[in-house]
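Take a look at the letters that make up each chain.
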Amino acid sequence: MAQLTIRPYEPSDKDAVIALWRERGLIVPQNDPEKDIDRKFKVNPELFLVGFVGDRIVATVMAGYEGHRGAINYLAVASDCRGCGYGRKIMAAAEDLLRARGCAKINLNVRTTNSDVIAFYERIGFTVDEVVCLGKRLVSDE
Ligand SMILES: CC(C)(COP(=O)(O)OP(=O)(O)OC[C@H]1O[C@@H](n2cnc3c(N)ncnc32)[C@H](O)[C@@H]1OP(=O)(O)O)[C@@H](O)C(=O)NCCC(=O)NCCS
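The structure contained in this document is the topic of the report that follows. Numbering of residues starts from 1 in every chain and runs along the sequence as written. Whole-chain, interface and lining totals are the exception, using all residues; otherwise, since this is a predicted model, local features are given only for residues with pLDDT of at least 70 and side-chain atom pairs are given and counted only at 80 or more. As a convention, hydrogens and water are excluded, and side-chain values are obtained from all of the structure's heavy atoms.

1. Quick look at the environment of Arg-56
Helix numbers and strand numbers start at the N terminus; a helix is a DSSP run of H or I with at least 4 residues, a strand a run of E with at least 2. By the element assignment, Arg-56 lies in strand β3 (residues 56-65). Per-residue accessibility, obtained with a 1.4 Å probe over protein chains only, is compared with the maximum for each type, and a residue is labelled buried under 20%, exposed over 50%, and partly exposed between these values. Residue Arg-56 is classed as partly exposed on the basis of its relative accessible area of 39%. Once the C-alpha coordinates of Arg-56 and Ala-16 are considered, the two residues, 40 residues apart in sequence, prove to be 8.3 Å apart. In what follows, residue pairs with any heavy atoms lying within 4.5 Å of each other are defined as contacts. What Arg-56 contacts, discounting residues up to four positions off in sequence, is Gly-51, Ala-78, Asp-80 and Cys-81.

Laid out in structure tokens, this is it:
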């Protein structure tokens, strides 16, 4: 199996990253991916990771930490690389970065339309919390 190498996102990655998110169905009308990337680049950009096989971007994860909980967004692995362990590996890299910052727990959201992915998260140690997630949009991207 080809080795996944992981490093922080760089601006020249943008087109490939957005193409990967589009291919994996992570782009929805309410979230403009370019704006999401630009916002992330201003706040802890070192927690936004990309994974390569050779010179091709095949995995991403956008982690965050606000001093209490860690967050995970835009986790994606290219369709033709599914099941190679890259999702587990890039999540482990994000968890290492969060742990090093003192983060005690990660909270993440899964869209109800994407509930199949819950089995993946359970395989890598997550459990379903008995909470209801609420959101309030402060800036419209549409
Ligand atoms: C979810 C995703 C990141 C998994 O990446 P991946 O590289 O295929 O996962 P891995 O190969 O690292 O799998 C890790 C473990 O989870 C298991 N697993 C992966 N996907 C699974 C699924 N859909 N159902 C059940 N188990 C799954 C694997 O069998 C493996 O188990 P093991 O290591 O104990 O043998 C990838 O399928 C993806 O990009 N999905 C679309 C985007 C998405 O939904 N992102 C999350 C938004 S919340």
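2. What about the pattern of salt bridges?
Any Lys or Arg side-chain nitrogen found within 4 Å of a carboxyl oxygen on Asp or Glu counts as a salt bridge. All told, the structure shown has eleven salt bridges when counted by the stated rule. Of the charged contacts in the structure, one is a salt bridge between Lys-14 and Glu-34, with a shortest N-O distance of 3.4 Å. Here Lys-14, found in helix α1 (residues 14-23), pairs with Glu-34, found in helix α2 (residues 33-42); they are 20 residues apart in sequence, far enough to count as distant. The exposure class of Lys-14 is buried, given its relative accessible area of 18%.

3. Comments concerning the pairing of strand β4 (residues 70-77)
Most of β4 sits inside the fold, with six of its eight residues counted as buried. Summarising the sheet, β3 and β4 pair through six bridges and their orientation is antiparallel. Residue Thr-60 lies in a different strand from β4, and its bridge partner there is Ala-76. At least two bridges found by DSSP between two strands is the condition for calling them paired. Remark: four residues form the turn of the hairpin made by β3 and β4, two consecutive strands paired antiparallel; Gly-67 in that turn has positive phi of roughly 100°. Relative to strand β5 (residues 106-107), β4 runs parallel, the two sharing two bridges.

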